[in-house]
Amino acid sequence: MKLFLDTANTEHVAEIAAWGVLDGVTTNPSLVAKEGKDGSTSSPQVFKATILEMCKHVPCVSAQVTAVDAEGMKKQGEEYASWHKNVVVKVPMTTEGLKALTYFASKKIKTNTTLIFSVAQAILAAKAGATIISPFIGRLDDQGEDGMTLIAEIMEVWAHYDFTTEVLVASTRHPRHIIDAAMLGAHISTIPYDLFKKLPNHSLTDSGIKKFQQDWEKVKK
Ligand code: G3P
């Protein structure tokens, strides 16, 4: 399974990429706005620089269009794609988005369809030629539904057909989300920074290292 970082913070990308396990980054307007609070990602120019900096670290960086009409999405997406070969144009799941996805597929521009909350939406985006689809599981959990059931249903449908569209599990909230997504065979999980930092840790690893160090001190004496 590929692991992506869900962030607009370039320092966080550099830090996790240095572990050697990072396959991509997903950004969205909310994450960009969050980084903008301290002035670091507060303009379209800085957004472009941020995306380009991330492209130095990973081969797949999603940059989201903010236009809501297909023509606007096409224009914005073509511009993003011209920045770097690693840019993936993120398009919302609407009928206008489907038109834009079809266009981008015809131009061989890579896309990530965001805000997927149903199997029907997943199928439509795949048929429109999306490179990646992003079902948001945490937001379904937040309103009392079971986000992982959506992933299970999408993976079951994918097993029947020859869709090349990769399923990216988004809006992850805790380590179990990543494990369950992997067990279902989802292609990618995108993970917020704080959650990514939890993944290498286990209390038995920490106590095991401490014990090895204590015992090695005895050998040295
Ligand atoms: O990649 C999608 C993700 O950013 C949404 O996460 O936590 O806002 O539901 P969240």
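This is a predicted model, so every value here is computed, not measured.

About the thresholds
Residues numbered from 1 in each chain as written. Predicted model: local features only at pLDDT ≥ 70, side-chain atom pairs only at ≥ 80, totals over all residues. Heavy atoms only, no water. Salt bridge = Lys/Arg side-chain N within 4 Å of Asp/Glu carboxyl O. Helix = DSSP H or I, 4+ residues; strand = E, 2+ residues; numbered from the N terminus. Buried < 20%, exposed > 50% of the residue type's maximum accessible area, 1.4 Å probe, protein only. Pairing = 2+ DSSP bridges. Right-handed = clockwise from strand over helix to strand, strands pointing away. Axes fitted to C-alpha atoms, helices over the stretch in contact; angles between N-to-C directions. Contact = heavy atoms within 4.5 Å.

## Concerning the pattern of salt bridges
Then, number 1: Taken as a whole and judged by the stated rule, the model has 10 salt bridges.
Then, number 2: The partner of Glu71 in a salt bridge is Lys74, with the nearest N and O atoms 3.0 Å apart. Here Lys74 and Glu71 lie together in helix α4 (residues 70-83), a separation of three residues that amounts to about one turn.
Then, number 3: Assessed through its relative accessible area of 53%, Glu71 is described here as exposed.
Then, number 4: Using a relative accessible area of 17% as the deciding quantity, one classes Lys74 as buried.
Then, number 5: Salt bridges linked by common partners bring Lys211, Asp215 and Lys218 together as one network.

## Let's talk about the pairing of strand β5 (residues 111-116)
Then, number 1: With respect to burial, β5 is a largely interior element, five of its six residues being buried.
Then, number 2: Pairing of strand β4 (residues 87-92) with β5, which is carried by four bridges, proceeds in the parallel orientation. Bridge pairing in β5 places Lys90 opposite Asn112.
Then, number 3: Regarding the hand of the β-α-β motif, the stretch spanning β4, helix α5 (residues 95-106) and β5 is right-handed.
Then, number 4: Bridge count between β5 and strand β6 (residues 132-135): three bridges; the pairing is parallel. Looking across to β6, one finds that Ile116 is bridged to Pro135.
Then, number 5: Regarding topology, helix α6 (residues 119-127) serves as the crossover connection from β5 to the parallel β6, and that connection is right-handed.

## Here we look at the sheet that holds strand β2 (residues 24-26)
Then, number 1: Spatially, the eight strands close up into a barrel ordered β1-β2-β3-β4-β5-β6-β7-β8, and their pairing is parallel. When the angles between neighbouring strand axes are averaged without regard to direction, this sheet yields 30 degrees.
Then, number 2: Against the sheet, helix α3 (residues 44-55) engages β2, β3 (61-64) and β4, with an angle of about 165 degrees to β3.
Then, number 3: α6 contacts β5 and β6 of the sheet and is inclined by roughly 165 degrees relative to β5.

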